[in-house]
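Here are the chains, one letter per residue:
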Amino acid sequence: MAECGASGSGSSGDSLDKSITLPPDEIFRNLENAKRFAIDIGGSLTKLAYYSTVQHKVARVRSFDHSDKFPFHPSPGKSTPASRLLVPPPRISHLRHHQDSHGLQGRQKSSPLLRVPRGCVSASSPPRGSAHTRVPHPHPQDTEQDHEPPYEISVQEEVTARLHFVKFENTYIEACLDFIKDHLVNTETKVIQATGGGAYKFKDLIEEKLQLKVDKEDVMTCLIKGCNFVLKNIPHEAFVYQKGSNPEFRFQTNHPSVFPYLLVSIGSGVSIVKVETEDRFEWIGGSSIGGGTFWGLGALLTKTKKFDELLHLASRGQHTNVDMLVQDIYGGAHQTLGLSGNLIASSFGKSATADTEFSKEDMAKSLLHMISNDIGQLACLYARLHCLDRVYFGGFFIRGHPVTMRTITYSINFFSKGEVQALFLRHEGYLGAIGAFLKGAEQDNPNQYSWEENYAGSSGLMSSSPELCPTQRPRSGTFDLLEMDRLERPLVNLPLLLDPSSYVPDTVDLTDDALARKYWLTCFEEALDGVVKRAVASQPGSVDAAERAEKFRQKYWNKLQTLRQQPFAYGTLTVRSLLDTREHCLNEFNFPDPYSKVKQKDNGVALKCFQRVIHSLDALGWEERQLALVKGLLAGNVFDWGAKAVSDVLESDPQFGFEEAKRKLQERPWLVDSYSKWLQRLKGPPHKCALIFADNSGVDVILGVFPFVRELLSRGTEVILACNSGPALNDVTYSESLIVAERIAAMDPVVRSALGEGRLLLMQTGSSSPCLDLSRLDKGLAVLVRERGADLVVIEGMGRAVHTNYHAALRCESLKLAVIKNSWLAERLGGRLFSVIFKYEVPAE
């Protein structure tokens, strides 16, 4: 905003404030590519929603050999029905892109070389010749000219879908509509979906300004659709408020089924809706005493016209100066009545007899208590009447304001005796706008997709809009932003979770753990220079790479500073969320895969070593080989460019290779050591099917994971190898794994026959994170896991097995293994740098 101090007063009647200037890059982002609009106008606040197509760069890989000499024909009976649920693999470079009539991304089928049934690969062709091509066996320290790349990389433009939601006070509506009209380049619709009471009041203004026909949608339907959408797609959407905790926000794990619940929407008034299923709900009550009452009476009492300023006054007030308490009436006798003396007996009760004037702050606080207590009691009564224990509070009256949430929470707990839980929503004010948008987009069936909050373009809870104006007060009362990116594939729970409703991916909650929070925020700050350097180096031919990298630095640095002050801004703060935020910011400035060249080189070197490693393993006795395989898995996991201790070694010592990594490992007994138990299990019958989540490219996946996979296959175990759908650090991606498997199959008959017979399947996880959330996995992977009867899950790597899933309870056997490559974390766990976690777990009968 050009004018940070725009007052916004004088908004009564038809006088609309036109004094603001809006920066297109920060508020109405990507407006030139907007395709469809929806708007929710309440009595005081407007929420605008629009869908846009976003062009950004993606790094794609493809094999040098585009021939179809060895086409794969699936064996009879090996074809799995999972294919009908999946689109073709998304990140292979020779997939051609096309746009459908709605601008949503579509893809043609892959070329015969990598055409795969049901989203997985079941065969590969040998590269550059037949299976008898001689493969050299160099050591990792071979010279640069020996590093023939195993595939080529190209950076291409990709079009994806994004939802934008912007909130502002009605006083700015005409200026915002003018801005949209001036910057709107091309929209596919001539209709704007509208909901809320203001849809009628401002109908003519909207149609005049935007030249779009206003199509009014039912308020209740929009609220429910919006609430269901955020609860299903934003993992840390709901939270409880706990007074006295630090911080006071406690985020809830989304239950696999969100129904039934009570939605209390507090806008100008109050609406109470009982929601039983996606399509079955009913309005059961409400009140005319709501946010508009607070604003209106507050303006009369304090002469303050701005809603946020009124809340700010209330936060500094003392309501006991104005309210009459139980102890004011009964004195010390209140104890004999079983009542607390601090209970409010009469809101504003002292104003009738006091001789002094009350401060604005005290009156605002008393008013806030009065309205919040009334709403809380009303919600509690309806919840008990309908036997519901979950009550979600939405609407912009809440606004993440501690005083409001505290009084409502207290009221709910007091009147329900703790049986009903008050839950608040991070994006409470957007529900109507989201629902209106979904109603207008029903022909595209947006619910068939999964969506993800884009941290780079969203305002955090209780924080200002990103980089709008440093001099504005800490809580912006003018604009809030939410962006949601459409994911390429629907995400679901892993079927093997013991209890999906209690599953928490992250091991440490940094919101709770102040010491760990301080360490990790500092750690990410100190790593920022290295990330910027890597990003620039990944695009040597780009003239503006350095400039974009600096913008990334500033964006991510600002996010880290916000999280220092408000660790709850984007939900539960974890190492995973810090990593994901960094990836979002990198993508924002077109650095899709900063480690693509590193991975290409590492994969090429490791492939040349594969046969030598396999020959060494095959020469060992059975029991000795099992330990060597596990040590190889662990040594491979050392090669993690995301760990500073490792990246420092790899950059300073080019001779550091697979054998050197083995020598770095902690000697047994390991920090967590279930190896003997695992060895004993291997002496029993083979597992039916193993699901393995791979971590890093290069040595890790090729010399660590694939030999382990090969051993399982030799035992008669089917294997599903799951890799990231998109890039993150130097983690192996699904498209890279296809080419790696192709090259290994050319060298190894065990892998080649397993691919051909459908006993080894490569799948994508649906994730682009260095960590792993087992409640948000690719639907095709989940279907395949169920169909193949997976009875072993292997999770490797610090991000996937320590930062996340260390305590994950599964319904089958599991292996969680990692090398601790952070000295602070190692010390906290009671070990040292390069300590080993080898955790084999069997579910209780």
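Structural notes on the packing of aromatic side chains
And step 1. Overall, the coordinates contain 27 aromatic pairs when judged by the stated rule.
And step 2. Seen from their ring centres, W295 and F307 are 5.1 Å apart, and the 70 degrees between their planes marks the pair as edge-to-face. Highlighted residues: W295 in helix α5 (residues 291-302) and F307 in helix α6 (residues 307-316), separated in sequence by 12 residues.
And step 3. Take W295: its relative accessible area is 16%, and that puts it in the buried class.
And step 4. Residue F307 is classed as buried on the basis of its relative accessible area of 3%.
And step 5. An angle of 65 degrees between the planes, with centres 5.4 Å apart, marks the rings of Y455 and Y570 as edge-to-face.

So, the sheet that holds strand β7 (residues 213-216)
And step 1. Strands sit in the order β7-β6-β1-β2-β5-β18-β17 across an open sheet of 7 strands; the sheet is mixed. Edge positions in the open sheet fall to β7 and β17 (451-453), since each of these has one partner strand only. Ignoring which end each strand starts from, the neighbouring axes of this sheet average 30 degrees apart.
And step 2. One ladder, built from 3 bridges, connects β17 with strand β18 (residues 480-486); its direction is antiparallel. Each residue of the ladder has a partner; that of E453, found in β18, is M484.
And step 3. Strands β1 (34-41), β2 (45-62) and β5 (152-169) of the sheet are contacted by helix α1 (residues 173-183), whose axis makes an angle of about 155 degrees with β5.

Looking at the pattern of salt bridges
And step 1. Taken as a whole and assessed by the stated rule, the structure comprises 47 salt bridges.
And step 2. A salt bridge links E276 to K274; the shortest N-O distance between them is 4.0 Å.
And step 3. Among the residues examined, E276 registers a relative accessible area of 30% and is labelled partly exposed.
And step 4. A residue is classified by how much of its surface remains accessible, and K274, at 13% relative accessible area, is buried.
And step 5. E276 is the salt-bridge partner of R280, the closest N and O atoms lying 3.5 Å from each other.
And step 6. Under the relative-accessibility criterion, R280 is labelled partly exposed at 47%.
And step 7. Connected through salt bridges with shared partners, the residues R29, R162, E483, D485 and E588 form a single ionic network.

With respect to the side chain of K209
And step 1. Positionally, K209 belongs in helix α3 (residues 203-210).
And step 2. There is a polar contact of 3.5 Å between the side chain of K209 and the side chain of E174.
And step 3. Here the side chain of K209 touches D178 through a polar contact of 2.9 Å, side chain to side chain.
And step 4. Not counting residues within four places of it along the chain, the set of residues in contact with K209 comprises E174, L177, D178 and K181.

Considering the side chain of S458
And step 1. Looking at the secondary structure, you find S458 in the loop between β17 and β18.
And step 2. By relative accessible area, which is 0% here, S458 ends up buried.

Focus: unusual backbone geometry
And step 1. In this model, F259 is joined to P260 through a cis peptide bond whose omega is -10 degrees.
And step 2. Relative to the helices and strands, P260 resides in the loop between β9 (249-251) and β10 (261-266).
And step 3. Positive phi is not limited to glycine here, since K417 has a value of about 55 degrees.
And step 4. With respect to the element layout, K417 can be found in the loop between α9 (402-416) and β16 (421-425).

Reading the values: rules and limits
- Residues numbered from 1 in each chain as written.
- Predicted model: local features only at pLDDT ≥ 70, side-chain atom pairs only at ≥ 80, totals over all residues.
- Heavy atoms only, no water.
- Phe/Tyr/Trp six-rings, centres within 6.5 Å; stacked < 30°, edge-to-face > 60°.
- Helix = DSSP H or I, 4+ residues; strand = E, 2+ residues; numbered from the N terminus.
- Buried < 20%, exposed > 50% of the residue type's maximum accessible area, 1.4 Å probe, protein only.
- Pairing = 2+ DSSP bridges.
- Axes fitted to C-alpha atoms, helices over the stretch in contact; angles between N-to-C directions.
- Contact = heavy atoms within 4.5 Å.
- Salt bridge = Lys/Arg side-chain N within 4 Å of Asp/Glu carboxyl O.
- Polar contact = N/O pair within 3.5 Å; in protein donor to acceptor, adjacent residues only side chain to side chain.

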